[in-house]
Amino acid sequence: MKYAVISCIHGNYEALNAVLLDIDRQRVDQIYCLGDLVGYGPYPNEVVEMIRSLDIPTCQGCWDEDIVMGLNACECSYPSQLAEKRGRRAHEWTNRVLHPEVREYLAQLPMSLRQGNLCFVHGSPNSQHEYLLPSMHGFAALERVLAAQADVLFCGHTHIPYVRYLREGKIRVHHRGETPQEFQASVKMIVNAGSVGEPRHGRPNATYVIYDTDTQEVTLREVPYDYQKTCAAILEQGLPPIFAWRLARGMEFAERADDPHHVCQR
């Protein structure tokens, strides 16, 4: 089986359409989506309608949750007051234009999806808002995969694609008052699908991954598209111009918090 895994579309219909066309040429058996269908981009309703029309299994992203539950449902912080102001503007705009049936769809999305020994989440098995960064300590990263009871954990949220192999080793678990337990962990993988609609890997191309269950091969795909059209629509809708600026460059804005693990970097 060949699976295509997409994530973080963020209301970018042009990018989604280009990626779906590329996926069609790869002849995959199934598409999975890791959420964040809305936010940042100018076409939230169109993106959700496309995902629904194709019946793509999708889990709930942090933006999807925030639109349903309210701004900053996770109680995370922004790296600056300016970033918070921009995030609030984007949330209010998205909340205002979203169709009722789209909101209902986002509300019923599950936190995770499973297919055999594969698990699909937006951020981590713990939260849609947790970043599984490549720099995360190996033991903590392995714990996230084991918590999902999977061999391969697919995630998004960081907007930067990567593949991380967690090598076989002996794990010792000791809970207070209980006898320590040891078990052998086989090789696990964390696969980040990057972002279709808001890439931050240094190029404006949309990214997604293909996973082959027979060979366990992961292919990172980059798809060029007419990002300038999306940038123009961002400006036309009155969304923060910085969203168009960073979309055209495929990068995060300069503002960063000292500890990005607990920050919703909008």
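Quick caveat, the model's predicted, so the values are computed rather than measured. Sequence order as written defines residue numbering, which begins from 1 separately in each chain. Reporting in this predicted model follows two pLDDT cut-offs: at least 70 for local features of residues, and 80 or more for side-chain atom pairs to be given and counted; totals over whole chains, interfaces and linings ignore these cut-offs and use all residues. Based on all heavy atoms of the structure, the side-chain values leave hydrogens and waters out of the count.

A. Here's a closer look at the pairing of strand β11 (residues 217-223). Two strands are said to pair when DSSP picks up at least two bridges between them. Each helix is a run of H or I in the DSSP string that is no shorter than four residues. Each strand is a run of E no shorter than two, and both are numbered from the N terminus. When strand β10 (residues 206-212) meets β11, the two strands line up antiparallel, connected through 7 bridges. By the bridge assignment for β11, A206 is matched with V223.

B. Region of interest: the sheet that holds strand β1 (residues 2-6). Spatially, the 4 strands line up as an open sheet ordered β2-β1-β10-β11, and their pairing is mixed. Two strands close off the open sheet at either side, each with one partner strand: β2 (30-33) and β11. The mean inter-strand angle of the sheet, taken between neighbouring strand axes irrespective of direction, is 25°. Together, β1, β2, β10 and β11 form the strand contacts of helix α1 (residues 13-26), whose direction differs from that of β10 by roughly 25°. For every element, the axis is a line fit to its C-alpha atoms; helices are fit only across the contacting stretch, and the angle between N-to-C directions ranges from 0 to 180 degrees. Contact definition: two residues touch when any of their heavy atoms are within 4.5 Å.

C. Quick peek at the packing of helix α3 (residues 62-69) against helix α4 (residues 81-97). Across the interface, α3 lies against α4 with an axial gap of 10 Å and an inter-helix angle of 70°. One finds that α3 runs roughly perpendicular with respect to α4. When the axes of α3 and α4 are compared, the crossing they make is right-handed. Only G87, A90, H91, T94 and N95 of α4 make contact with α3, whose side of the interface consists of W63, D66 and I67. Among the residues making up the contact of α3 with α4, the classes are represented as 3 nonpolar, 4 polar and 1 charged. Roughly parallel refers to an angle under 35 degrees, roughly antiparallel to one over 145, roughly perpendicular to one between 65 and 115, and oblique to any angle outside these ranges. Take the far helix as the reference: if the near one is turned anticlockwise from it by less than a right angle, the crossing is left-handed, and if turned clockwise, right-handed. Under the scheme applied, nonpolar residues are Ala, Val, Leu, Ile, Met, Phe, Trp, Tyr, Cys and Pro; charged residues are Asp, Glu, Lys and Arg; polar residues are all the others, including Gly.

D. Broad picture of the pattern of salt bridges. When a carboxyl oxygen of Asp or Glu lies within 4 Å of a side-chain nitrogen of Lys or Arg, that pair is called a salt bridge. This structure, assessed with the given rule, holds 8 salt bridges. D22 is the salt-bridge partner of R221, the closest N and O atoms lying 2.9 Å from each other. Of this pair, R221 sits in strand β11 while D22 sits in helix α1, placing them 199 residues apart in sequence. Salt-bridge contacts for E222 lead to R203; the nearest nitrogen and oxygen are separated by 2.5 Å. You can see E222 sitting in strand β11 and its partner R203 sitting in the loop between β9 (188-192) and β10, a full 19 residues away along the chain. Residue R203 is classed as partly exposed on the basis of its relative accessible area, which comes to 40%. Residue exposure (1.4 Å probe, protein chains only): buried if accessible area is under 20% of the type maximum, exposed if over 50%, otherwise partly exposed.

E. Region of the structure containing the packing of aromatic side chains. What counts as a ring pair is set by centres within 6.5 Å for rings of Phe, Tyr and Trp (its six-membered ring), and what kind of pair is set by the plane angle: stacked under 30 degrees, edge-to-face over 60, tilted for all other angles. One pass over the structure, following the stated rule, counts 7 aromatic pairs. Centre to centre, the rings of Y3 and Y32 are 5.6 Å apart; their planes meet at 75°, and the pair counts as edge-to-face. Remark: Y32 occurs in strand β2 and Y3 occurs in strand β1; sequence separation between them is 29 residues. Assigned by exposure class, Y3 and Y32 land together as buried. The rings of Y3, Y32, F120, F154 and Y211 are connected pair by pair, giving a single aromatic cluster.

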